[in-house]
Amino acid sequence: MTCAGCSSRVEGGLAGLAGVRDAQVNFASGRATVRHADTVDLATMHATIEGLGYEVVDDGEAADDAEQRRERDLFRRFVVASAFALAVMVISMVRPLRFAGWEWVAGALTVPVVFWSGLPFHRGALVNLRHRSTNMDTLVSMGTLSAFTWSTVVLVGDIDGAHVYFETAAVIVTLILLGKWFEVKAKRRSGDAIRALAELGASIATLEDGREVAIAALAVGDRFIVKPGAKIATDGVIVTGTAAVDMAMISGEPVPVDVGPGDEVIGATINTNGSLVVEATKVGADTALAQIMRLVDEAQGSRAEVQRLADRVASVFVPAAIVAAFVTLIVWLVLGEAVSDAFTAAVAVLIIACPCALGLATPLWIMVGTGRGAQLGIIIKGGEVLEDTRAIDTVVLDKTGTLTTGRMELVEIIAPSVQASTVVPFVASL
């Protein structure tokens, strides 16, 4: 998906399936949330999405790999485009550097920019055209191809007084590729919060019999050993042993909690001392850490009211921009302006509309806000909560760990005759 128009179209296709009660497609996260009856299966949804011209990638590593590949591809295309576009711009805009036949050289240098670097835009526009729809790719493709085609006609036809606009096509492709690259990098960074949460958990558990197994292999009822300084593998109940467990990840409290037989412990919290044998009560998606990750994931995909408005506007924005460009062309011609000037004005409308961030800004700030909150230990329930914060004038906090760094330290000793080296061991032991 390249713009909010794409997500609206996928959303409409899924919502139109018999048995689907509600469908929401988040452009920034590239994820669909569908509530449906048992009569609708995943295969039908996949076929519907692919029928609209889009690809469904598996969640997790496959999706992340796809984004990494797209980021690398965009960067390669941008590097090539920027090199050629710079040369075209210098030749076209700096009159003292022009030479006989410079237009032909500029045209030749523009070809790889428009038709290789800009290929993703043309491909996206063609796919949407086959499905009788438009998106931001349509504007980019129409604008750059129009500028290139008009310039070629002027050059080959040797039209007196007409200008060539090769630099316009080359520079626009370059700038939009740069914007798309920044966009993909921002989207990937906003997903770092989920990955960071996943890394909080332990990767290996030591069973009671001494065998080491991957966390994914643990089952409810399995007993595992937690040594001093180690992370607790999964949610469970202590069978034997006593220890102090650092629960700051869950509670925000800086002081470790004393636990013993019969007490519940949470996976990914840290055993600061003592040795424990824990019986697993929850594994996989049922653990507290998994639920926190799911909350953050749902929050990043949630919609604020302002996003609903932006999506409604985005669904008609591209057709409106195309109509506006044609109206501009006709009005300029009716007013008796030169064909080249009228064409320039029409292309300008398309180009200005191309990098419109209308459909990306809102879902991206929700992803960044909720993701950054999670990294700082703050779980935000969704975009509507972030949106409502503008009305907050009072904040109530009930835990000291929320306001502090969560690490106690000895600040001052008010006893002139006592040395710090004497007091510190006693304070540390407390």
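Up top you'll find the structure we're talking about.
**Observations concerning the pattern of salt bridges**
So, step 1. Inspection of the entire model under this criterion finds 5 salt bridges.
So, step 2. Here Asp 22 and Arg 35 are joined by a salt bridge, their closest N and O atoms 3.3 Å apart. In this pair, Asp 22 is assigned in strand S1 (residues 20–26) and Arg 35 in strand S2 (residues 31–36), connecting sequence segments 13 residues apart.
So, step 3. The shortest N-O distance in the salt bridge between Arg 77 and Asp 73 comes to 2.9 Å. One end of the pair is Arg 77 and the other is Asp 73, both in helix H3 (residues 61–93) and 4 residues apart, which spans about a single turn.
So, step 4. You can call Arg 77 buried: its relative accessible area is 8%.
So, step 5. Since its relative accessible area comes to 23%, Asp 73 is described here as partly exposed.
So, step 6. Bridged by salt links that share partners, the residues Asp 73, Arg 76 and Arg 77 form one connected network.

**So, the sheet that holds strand S8 (residues 257–259)**
So, step 1. Read from one edge to the other, the open sheet built from 3 strands follows the order S8-S7-S10, with strand pairing classed as antiparallel. Either end of the sheet is taken by a strand with one partner, and the two such strands are S8 and strand S10 (270–273). Direction aside, neighbouring strands of the sheet carry axes that sit 45° apart on average.
So, step 2. As paired strands, strand S7 (residues 243–246) and S8 are joined by 3 bridges and run antiparallel to one another. Note that in S8 the partner of Ala 244 across the bridge is Asp 258.

**A closer look at helix H2 (residues 42–51)**
So, step 1. Turning to H2, its buried residues are Met 45, Thr 48 and Ile 49. All buried residues of H2 lie within an arc of 95° about the axis, which places them on one face of the element.
So, step 2. After H2 finishes, the residue Gly 53 shows a positive phi value of roughly 100°.

**Quick look at helix H6 (residues 136–157)**
So, step 1. Between its first and last C-alpha, H6 extends 31 Å over 22 residues, near the 32 Å set by a 1.5 Å rise per residue.
So, step 2. Just past H6, the residue Asp 158 takes up positive phi, approximately 50°.

So, how was this worked out
Residues numbered from 1 in each chain as written. Predicted model: local features only at pLDDT ≥ 70, side-chain atom pairs only at ≥ 80, totals over all residues. Heavy atoms only, no water. Salt bridge = Lys/Arg side-chain N within 4 Å of Asp/Glu carboxyl O. Helix = DSSP H or I, 4+ residues; strand = E, 2+ residues; numbered from the N terminus. Buried < 20%, exposed > 50% of the residue type's maximum accessible area, 1.4 Å probe, protein only. Pairing = 2+ DSSP bridges. Axes fitted to C-alpha atoms, helices over the stretch in contact; angles between N-to-C directions. Arc of directions from axis to C-beta. Expected span 1.5 Å × (residues − 1).

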